[in-house]
Structures are given as structure tokens and as C-alpha cells.
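What follows is the residue order along each chain.
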Amino acid sequence: MITIIVISMIVLLLLGFPMMVPLLVASLMFLFLVIDMNNVGLLMGQMISGVQSWALAAVPLFIFAADLMTRGHTANRLLDLVQSFVGHLRGGLPITTAASCTLFGAVSGSTQATVVAMGGPMRPKLLEKGYSDSFSIALIINASDIALLIPPSIGMIIYGVVSGASIGDLFIAGILPGLLILLMFSVYCWYASIRMGIAPEERATWIMRGRALKKALLPLGFPLVVVGGIYGGIFSPTEAAAIAVLYAFVLEVVILRAVKVSELWDVALSTGLITAVVFILVAAGNAFTYTISFAGIPQAILGPVIETIGDSQTLVLALIAVSFFIGCMFVDPIVVILILTPLFKPAVAAAGLDPVHVGVIVTLQAAIGSATPPFGCDIFTAMAIFRRPYFDVIRGTLPFILILLAATVVLIMFPAISLWLPSLAA
């Protein structure tokens, strides 16, 4: 029976159905064959309970704020600021790209929004400077992964809802790991520029830097308001999402006038469509998690492995990282977080691991999976934006994936990188 369900899911995926369909079909098959074919209400109840958390209200709000800023001037102003300070370094242009993706991640919380916002202006500049197209695209889609670690992070919101970990602590815990990955990417960009023989650009004057900083002050205020408001006790993460929408509206519509009031309907419609996809995945994932847990499938697969490694924190984290990395290579990261997080909860508790630190490891694997073949969502976003075939997009990704995996090892070995800032805020 399990074999039939697995084969049906694979067939549906190969036929091009979105991930929510195989999840729901597998859940229905299990319901009809094992539990009670007349008790569809049980499955519906699990789907509804999956989207009832108040914290999930932050997801459409952050998506709406990110969409407003993507359509406005925020991305270009952040890019100009970074380039004015690091553009003269060896590898300055790709370093600018990576740093701008990090800053925009603090605005959007979405890898795909960052690919769209940063990929458009930066890819032509990188090509004009002499960087290969494979390097340029790989840099953009992998640097955009940092958006999942830098607050506000939609991936961390989903993990927090499923695991019960503090979303506010998760937000601040992702800052240093995100900056660590930015540093590692910058070193590789420096090396790549030397290998390609690309000379640095001219140094910007302090007057030019001052102008760029002045223009970027308001966009830079976005993460300060969100993170500062949460840890100042002014509002909760969900309320912070509502403040983010207000901030984005005032900035892009009222002050900068980059987005017209008449365009708000299109922005809202886009947000609604993306939110619907996310929430349907959450609902379907919760139903699927219930059915496979009822069948004891995860316990049968992971149980012997967890018993073998015992309560070793390093080995448990390594198993979590490997499981989430492999899962996110094939399935949407949101679905993987929904399915695997509850399964590892007993092992995390037995090993005495901090769920916030585990959340950083999990979110990083979701970020890596977003740009890893065969089904990373950022790969297909890049294909659509840059109009390049699949193999052209993934050709240069291996070095960046290896860097991200190395960062995973560092974070596993040194949990203080994730937990230091939350400890200060406690």
C-alpha cells in the first residue's frame, strides 16, 4: 500500500501537477484504504488546523510588503548604497550583488522576490563587466537564499508555527548566520574575479557614498522597525508584519511615489495568489503529516537511525541537516518543513537541543534547497526572469552550494553563532 501511494505521488509530480495535489491524493488514498473511507471530515479537520495559527497571518502581510518594495525604488537604492562602499574592491560587483541580496532579504523575507528584485539590474552589470553568465546567475540565486535567514523570514515563520519555537528569537538568530554566509560568498567572489582576470572598478567618493546613504536611509529603516519593534516589546512578529505593510505603503506610495495607488489592486492580487499557494501547501502538508504519522512510516524509517545516534547533539543536527537538505532538493521547502519538523521534535528534545538553533539549521537547508537541482524554486524563477534554459541556470551553482553546506557544518559545530544574539535579547 505504501509503495502504491509513493508511486502515485511520483507519477503525479512527473505529470506536472503542483506539489499540493500529490500530497492530498496520497492523504486521501491512505484515508480510504486504511482509516475509514467515510471519514473525510478527519482529513478536512487536519487541513483546517494546519492554517489556524495566528502567526501565519504574518505571511501574506510580509509578502504584500515585499511586493510593494520590489515594484518600487527600494531594491535599486539598497544596491546603489552597497556598490558605493564595496564596488572598488576586487570582485566588488559580485560582492555588491551578494550584499544587496542580503539587505533586500531584510525587506522581503523571500528568496524568489530577491531573485526578481536583484537579478534584473545586476545580471546585465555582471555580464558587462566580464563575469560569465553561469557565475552571474548562480551568484544571484544562491545569494538570494540569505533572504530566508535574514529577518523577516517566511521560512522561519512556518518553522516557528510547526515547532512552537519563538518566531521573534528565530528572526534574530538568523542574522549572524546570514552575515557569515555573505562573508563566505564575498571571499569566493574575490577569488573568482582574480581567476577571471577582472579588474576592480573606481572607488566612489565620500560625497557619492553620502548621497547613496541618504537615499537608502528609509529602506534601511524597514528591518530596524521590524526587528527593533519585536525586541523592544512594542509589537509581536505578526503585528510587525502589519507595520511592515504600512511602512512599505508610506515609503513607496506616499514618499517615493514609485507605486501608484491604481497599482495596489495588482499588488494585492499577486499577494493573494502567492498566499493561497502557501496556505494550501501548509494545509495539505499538515494532512499528509498526520496520515504518515498515523501509519508510523517516519518512525519506521527514522526510528532506528535516531536510536543508533542516541542523544548526541552533533549527530542529531547532522541527521536533521542531511534529511532536510535531501528533502528540499526534490520538494518545496515549506512542505519539507511541515512534514519533517514534527518528526524530529522528539529527537531534538531528547538531545537537549535549542529549537531556535535547530530552526536556523532547518531554514538554511530550505534556503539551499531553493537553489539546488533538480527542483529548487529559485532555479525556475531564474529561468523565467532571465529566459535561460535549465542547464544554463544550474551550471555554476556547485561552488555556492558547497559554500552553503560548509556554512551548515560551521553552524552545527558552533551553535553560539545562532544563539548569541537571542541570548542578548533575552
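Given the structure is predicted, the values throughout are model-derived calculations rather than measurements.

Draft legend 1. Structural view of unusual backbone geometry. Residue P152 follows P151 across a cis peptide bond; omega there is 0°. Examined against the element boundaries, P152 turns out to sit in the loop between α8 (133–143) and α9 (154–163). We note that R257 has phi near 55°; this positive angle belongs to a residue other than glycine. Relative to the helices and strands, R257 is located in the loop between α13 (237–255) and α14 (264–295). Its relative accessible area of 69% is what places R257 among the exposed residues. The backbone of R387 sits at a positive phi, close to 55°, despite the residue not being glycine. When you line up the elements, R387 lands in the loop between α19 (377–386) and α20 (390–394).

Draft legend 2. Summary view of the layout of surface pockets. Size it by volume and the second largest pocket reaches roughly 240 Å³. In terms of lining residues, the second largest pocket is bounded by 13 residues, among which D80, Q83, S84, A204 and M208 are the most central. When residues of the lining of the second largest pocket are traced back to their parent elements, those giving at least two are α5 (74–86) and α12 (206–231). By residue number, the principal contributor to the lining of the second largest pocket is α12, which donates 4 residues. Of the residues belonging to the lining of the second largest pocket, the class tally is 3 nonpolar, 4 polar and 6 charged.

Draft legend 3. Representation of the pattern of salt bridges. This model, assessed by the stated rule, comprises 5 salt bridges. Measuring nitrogen to oxygen at the nearest pair gives 3.1 Å for the salt bridge that ties R71 to D67. With a gap of 4 residues between them, R71 and D67 both fall in helix α4 (residues 58–71), about one helical turn apart. A salt bridge links R388 to D133; the shortest N-O distance between them is 3.5 Å.

Basis of the calculations
Residues numbered from 1 in each chain as written. Predicted model: local features only at pLDDT ≥ 70, side-chain atom pairs only at ≥ 80, totals over all residues. Heavy atoms only, no water. Helix = DSSP H or I, 4+ residues; strand = E, 2+ residues; numbered from the N terminus. Buried < 20%, exposed > 50% of the residue type's maximum accessible area, 1.4 Å probe, protein only. 1 Å grid on protein atoms, 1.4 Å probe; cavity = no way out; pocket = protein on both sides within 12 Å on 5 of 7 lines; lining within 4 Å. Points joined across faces, edges and corners; volume = space filled by probe spheres on them. Nonpolar A, V, L, I, M, F, W, Y, C, P; charged D, E, K, R; others polar. Salt bridge = Lys/Arg side-chain N within 4 Å of Asp/Glu carboxyl O.

Worth remembering: the numbers are spatial, not functional.
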